[in-house]
Amino acid sequence: MKLAAKLVSGLLLGIVLLLGVDGYFSIQRETELYETNMEHDALLLGRAMRGLVADSWRADGGVRAKQLIEDANHEEHEVHIRWVWLDTSSDSDLSPQVPLEKLGPAVRGEETSLKAREQDGDEYLHTYIPIAVDEKRPGALELSESLSELAQYSRHSLISTLVLMGVLLLGSGLLVVPLGIRLVGRPLHRLVEKTRQVGKGDLSRPLHLRGHDEIAEVAAALNVMCEQLAESQEQIRAEATARIAVLEQLRHADRLKTVGRLASGMAHELGTPLNVVSARGALIAEGTLSDAEIVESGNIIKAQSERITAIVRQLLDFARRSVPHRVPVDLRQVAEQTIRLLTSFAKKRKVKMSLAGDDIDATTEADAGQIQQVLTNLIVNAIQAMPEGGKVEVAIRREHACPPEGHDGSEGEYVCLSVRDEGVGISEENMRLLFEPFFTTKDIGKGTGLGLSIAYGIVGEHGGWIDVASEPEEGSCFSVYLPQEVDGCTKES
Ligand code: ADP
């Protein structure tokens, strides 16, 4: 039930109750008054007749006295007066209308008024005025008056009260219902609509309610709240944009640092095809080759040039600042390429790299460049953690995993890329700081402290997380979990 309807019904019910109670007590009071008046009148009449009847009885006998009473009945129509003996119920003419057992006080000489229902169904008020005319028998004047008029009066009062109640109810209903709808129902409905709108995130269109009542105050407070919410949302949006911009810059810086590290690997990668191109070019220049050999050398030069172009493009792609570009990617290819680019960097530090997990379907939707950046950071860290050289094992596997606390995502299938080394390991104290930006234990110029924090951000944006296990002096294992199925990510082709 709507609030306005409840208020209106409550009000109308209150009116009905008040009128009902007032009507009931009014009728009751008036009935009592009417009865008291009747009783009083009967007593006055009875007392006035008592002397006359007693004198007549003594002077002229009972018959004359009864005749006097009979004459009085001709004058009086509303009250019927009779002579009754209070010791007999058998003599129908002279026995009282009220049963004798109720007439004790009258027998003792007290004036008494009693109500009794007669055979015709009407109720009567009988008043007994005792008169001592016979020493042996108690006698009295009985004055009877019908109460039917009173009953009729009560009925009329009841009906008029009910009619009045109906009219008042209708009148107040006609007045209160539209007022309730206008003053409470509609404003509340608009308030509810506005609240729903706010719940859906729409903070525009302030609610203007006329008047100065509490509902209008709530609406005004709601408008102020919406304005403040909109302002703070705008602020949060601006801060988020600024944070993203800073993060992007940091990522770019880290990417350039990684490019620098990869340069030596690139030199090695480019060296071989360049040597081939140079040797084949020299052979052609000598002019001793047959036509077929020239064609063959030309094809080799072309193939090697394409390889060089591809390598250079890869490096440029990697170094270029780009928005995440998620497409189905085979993570094994990404791992192979990264290992290839880092081979000469590893060799110089007497580190051997291996890749396990050949037979696994490691396809997921990801930005290959970003994942390569993550992997490069992890492998470079692993190599740097082994100053005396050692082994870095990169492994790919699929795992049914549940994201750790604080990470979004749900339990399910994940592709796990792990990088294990036999290096110095990480102390418990440093473990807590690993992913903090600018945390580094490396010498100035060697470490920026950005690699892991950026890797953490990239993997998180892919819906995954990084797990670290490490034992000081035994080595460390960094595992990157990426979801097999990517929810809510825009597939780009
Ligand atoms: P940076 O390599 O520039 O120092 P990172 O964020 O990549 O920055 O690494 C932060 C720190 O984490 C490193 O300085 C190092 O102390 C520690 N760390 C990272 N990877 C390893 C690892 N494989 N073994 C030991 N320590 C590591």
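About the cut-offs
- Residues numbered from 1 in each chain as written.
- Predicted model: local features only at pLDDT ≥ 70, side-chain atom pairs only at ≥ 80, totals over all residues.
- Heavy atoms only, no water.
- Pairing = 2+ DSSP bridges.
- Helix = DSSP H or I, 4+ residues; strand = E, 2+ residues; numbered from the N terminus.
- Axes fitted to C-alpha atoms, helices over the stretch in contact; angles between N-to-C directions.
- Contact = heavy atoms within 4.5 Å.
- Patch = residues over 30% accessible without salt bridge, like charges linked within 9 Å, V, L, I, M, F, W, Y side chains within 5 Å.
- Areas by Shrake-Rupley, 256 points an atom, 1.4 Å probe, with all protein chains shown as cover.
- Salt bridge = Lys/Arg side-chain N within 4 Å of Asp/Glu carboxyl O.
- Buried < 20%, exposed > 50% of the residue type's maximum accessible area, 1.4 Å probe, protein only.
- Phe/Tyr/Trp six-rings, centres within 6.5 Å; stacked < 30°, edge-to-face > 60°.
- Lys NZ or Arg CZ within 6 Å of the ring centre and 35° of its normal.
- Expected span 1.5 Å × (residues − 1).
- Arc of directions from axis to C-beta.
- Parallel < 35°, antiparallel > 145°, perpendicular 65-115°, else oblique.
- Left-handed = near helix turned anticlockwise from the far one by under 90°.
- Nonpolar A, V, L, I, M, F, W, Y, C, P; charged D, E, K, R; others polar.
- Lys, Arg positive; Asp, Glu negative; His and termini not counted.
- Charge placed at Lys NZ, Arg CZ, Asp CG, Glu CD.

Caption draft 1: View of the sheet that holds strand β4 (residues 139-146). The antiparallel open sheet is built from 4 strands, whose spatial order is β1-β4-β3-β2. Two strands bound the open sheet, and with one partner strand each, they are β1 (79-85) and β2 (112-117). Taking the axes of each pair of neighbouring strands and ignoring which way they run, one obtains an average angle of 30 degrees across the sheet. Contacts from helix α2 (residues 62-75) reach β1 and β4, with the element oriented near 165 degrees to β1.

Caption draft 2: The arrangement of the sheet that holds strand β8 (residues 390-401) in detail. An order of β6-β8-β9-β11-β10 is seen for the 5 strands of this open sheet, with the pairing classed as mixed. The outermost strands of the open sheet, each flanked by one partner alone, are β6 (351-356) and β10 (465-471). Going from strand to strand, the sheet's axes swing by 20 degrees on average, the running direction of each strand aside. As paired strands, strand β9 (residues 412-421) and strand β11 (residues 475-483) are joined by 7 bridges and run antiparallel to one another. Residue pairing in the sheet places Ser-418 in a bridge with Ser-479 of β11.

Caption draft 3: Highlighting a nonpolar patch on the surface. On the surface, Val-21, Tyr-24 and Phe-25 cluster together into a nonpolar patch covering about 310 Å² of accessible area. Structurally, Phe-25 can be placed in helix α1 (residues 3-60). In this structure Phe-25 comes out as partly exposed when scored by relative accessible area, which is 46%.

Caption draft 4: Quick look at the packing of aromatic side chains. Applying the stated criterion across every chain, the model contains 8 aromatic pairs. Centroid distance Tyr-24 to Phe-25: 5.3 Å. Interplanar angle 75 degrees. Geometry classified as edge-to-face. Centre to centre, the rings of Trp-57 and Trp-83 are 4.8 Å apart; their planes meet at 45 degrees, and the pair counts as tilted. Here Trp-57, found in helix α1, pairs with Trp-83, found in strand β1; they are 26 residues apart in sequence, far enough to count as distant. Put simply, the rings of Trp-57, Trp-83 and Trp-85 pair up and form one aromatic cluster. Over the aromatic face of Phe-345 sits the side chain of Arg-349, whose NZ or CZ is 4.0 Å from the ring centroid.

Caption draft 5: Highlighting α2. Helix length check: α2, at 14 residues, gives a terminal C-alpha distance of 20 Å against a target of 20 Å (1.5 Å per residue), a fit within 8%. Within α2, the full set of buried residues consists of Gly-62, Ala-65, Ile-69, Ala-72 and Asn-73. Buried residues along α2 cover an arc of 105 degrees about the axis, so they all sit on one side. In α2, the exposed positions that point more than 90 degrees away from the buried face belong to Val-63, His-74 and Glu-75. The inward-facing, buried residues of α2 contact α1, β1 and β4.

Caption draft 6: Seen up close, the packing of α1 against helix α4 (residues 148-199). Interhelical geometry of α1 versus α4 gives an angle of 160 degrees and a closest axis separation of 8 Å. Judged on the interaxial angle alone, α4 and α1 are roughly antiparallel. In this structure, α1 crosses over α4, and the sense of that crossing is right-handed. Residue composition of the contact of α1 with α4, by class: 21 nonpolar, 10 polar and 3 charged.

Caption draft 7: How the structure looks around a positive patch on the surface. Taken together, the side chains of Arg-182, Arg-186, Arg-190 and Arg-210 define a basic patch exposed on the protein surface. Inspection of the secondary structure puts Arg-210 in the loop between α4 and α5 (214-286). For Arg-210, a relative accessible area of 77% puts it in the exposed group.

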